Amino acid sequence: MKRLKIISRRKAIIAGLAGIGGLVLARYAPRSLPPTYGNILRMGDNLTYVAQRTLLPDETLAREYSFADISSMPATGTTNPAHHSEEYERLLGRRFAGWELALEGAIARPGMLSLDDLKKFPSRTQITKHHCEEGWTAIAQWTGVPLSTVLQHVGVRPSARFVNFHSYDDYIETVDMLDAFHPQTILAYGMNGKELTVPHGAPIRVRIERQIGYKSMKYIRKIEVTEDYPDVGDSGWSWYTGI
Ligand SMILES: Nc1nc2c(c(=O)[nH]1)N[C@H]1C(S)=C(S)[C@@H](COP(=O)(O)O)O[C@H]1N2
Ligand SMILES: [Mo]
């Protein structure tokens, strides 16, 4: 009788997962997923991504709260990118006069937008809960221009699939078009009724309300629209963290 090869339960689960992952991904999203670097956790990211994108309607809103729910919010990560960027330091010295947002990539009208330009578009205000991957949450009110408005203004090419945010402290965060055009995705310049402060991302940060906190990139200097996922290597952070 042929002996069955015995594999550990853990390995079997992983093999099974990878198998399901491959199957689901091949079926639903063959060409629009970021690299997994052969990393089982990243296959998990893509599974979560495909599951959420398949099961939830595109425009499901994150819960919005009332004024009384607003809590204090710690500032995390790099609190002052002036330590990283001379340009940011210079702009901070001028209280962001002359700051401009660069818009590049797969768009019809690449260029720059000033803070005043962004404030001239119709704004959206929302009170939402921030979920940090470290375990804390906080509720705050955010005011800004919907990213969809800005993307429509610059004309996203039909072939475009990702929107990438570049910060003065040298991070890149990427979202797909569903999150980019989601009604609660805003480029925020106001927090709790005041100008956004430096610890919280001045002059603008993005709010990505259906993903975990680190997707809400602070200190944005450039938005780049791409057809491909920018392969910046495996940072160890999940690219898709739907909540
Ligand atoms: N540019 C930039 N954006 C960032 C970070 C950062 O360090 N740099 N930290 C992220 C993380 S982990 C969290 S939880 C939130 C925190 O936002 P807050 O400082 O306004 O509380 O910003 C996110 N965006
Ligand atoms: Mo975080």
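Everything here concerns the structure above.
Within each chain, residues carry numbers counting from 1 in the order of the written sequence. Ligands are numbered from 1 and chains lettered from A, in the order in which they are written. Reporting of local features is limited, given that this is a predicted model, to residues whose pLDDT is at least 70; pairs of side-chain atoms are given and counted only at 80 or more, and all residues count toward the totals for whole chains, interfaces and linings. Only hydrogens and water are set aside; all other atoms, that is, all heavy atoms of the structure, feed into the side-chain values.

## A short note on the overall build of the protein
Secondary structure follows DSSP: runs of H or I at least 4 residues long count as helices, runs of E at least 2 residues long count as strands, and numbering of each begins at the N terminus. When helices and strands are counted, the protein shows six helices and 10 strands. Each residue gets one of three labels from its accessible area relative to the maximum for its type: buried under 20%, exposed over 50%, partly exposed in between, using a 1.4 Å probe on protein chains only. Counting the 243 residues in the protein, one finds 46% classified as buried. Contacts are residue-level and defined by heavy atoms, with any inter-residue pair within 4.5 Å sufficient. If you take every contact in the protein between residues at least 6 apart in sequence, the share linking residues at least 24 apart comes to 69%. All accessible areas in this document rest on Shrake-Rupley with a 1.4 Å probe, and a residue is counted as covered only by the protein chains that are shown. Per element, the accessible surface of the protein, about 13,000 Å² overall, is 55% carbon and sulfur.

## Side note on the site of ligand 1
Neighbouring residues of ligand 1: 22 residues in total, closest Pro74, Asp169, His200, Arg205 and Lys218. Definition of a polar contact: a pair of N or O atoms within 3.5 Å, with one able to donate and the other able to accept a hydrogen when the atoms are protein atoms, and with sequence-neighbouring residues admitted only if both atoms are side-chain atoms. The separation between a nitrogen atom of ligand 1 and a polar main-chain atom of serine 216 is 3.1 Å. Lysine 218 places a polar side-chain atom, nitrogen or oxygen, 2.5 Å from an oxygen atom of ligand 1. Here ligand 1, which alone exposes 530 Å², has 95% of that area covered by the protein. Polar here means any residue other than Ala, Val, Leu, Ile, Met, Phe, Trp, Tyr, Cys and Pro, which are nonpolar, and Asp, Glu, Lys and Arg, which are charged; Gly is therefore polar. The class makeup of the residues in the shell around ligand 1 is 10 nonpolar, eight polar and four charged. When we say a residue is near a molecule or strand, we mean one of its heavy atoms is within 4 Å of it.

## As for the pairing of strand β7 (residues 186-191)
Counted residue by residue, β7 has six buried out of six residues, so it is predominantly covered. Of the strand pairs in this sheet, β7 and strand β9 (residues 205-207) are connected by three bridges, and their pairing is antiparallel. The residue of β9 that forms the bridge with alanine 188 is arginine 205. Connecting β7 to the next strand, strand β8 (residues 194-195), in antiparallel fashion are two residues, including asparagine 192 with a positive phi near 50°. Note on pairing: two strands pair once DSSP finds at least 2 bridges between them.

## Concerning the pattern of salt bridges
We define a salt bridge as a contact between a side-chain nitrogen of Lys or Arg and a carboxyl oxygen of Asp or Glu at a distance within 4 Å. Counted by the stated rule, this structure contains six salt bridges. The residue glutamate 195 makes a salt bridge to lysine 119 at a minimum N-O spacing of 3.2 Å. In this pair, glutamate 195 sits in strand β8 while lysine 119 sits in helix α4 (residues 115-120), placing the two residues 76 residues apart along the sequence. Across the pair arginine 207 and glutamate 209 runs a salt bridge whose closest N-O atoms are separated by 3.1 Å. For the pair arginine 207 and glutamate 209, one class covers both residues: buried.

## Some words on helix α3 (residues 86-93)
Where α3 begins, the side chain of serine 85 points an oxygen toward the backbone nitrogen of glutamate 87, at a separation of 3.3 Å. With its phi angle positive at about 50°, arginine 95 sits one or two positions after the end of α3.

## A word on the nonpolar core
Soluble globular proteins tend to pack their nonpolar side chains together in the buried interior. Note on terminology: a nonpolar core comprises buried Ala, Val, Leu, Ile, Met, Phe, Trp, Tyr and Cys residues joined through side-chain atoms within 4.5 Å. Formed by 37 residues in total, the largest nonpolar core has its most connected members in Val163, Phe165 and Leu187. Contributions of two or more residues to this core are made by α3, β1 (100-105), α4, α5 (147-154), β5 (162-167), α6 (177-180), β7 and β10 (220-226). The dominant element in this core, judged by the number of residues it contributes, is α5, at four residues. Not counting residues within four places of it along the chain, the set of residues in contact with valine 163 comprises Leu147, Leu151, Glu173, Thr174, Val175, Met177, Ala180, Ile223, Glu224 and Val225. Counting residues in each nonpolar core, the second largest holds 10 residues, with Met73, Trp136, Ile186 and Met191 among its members.

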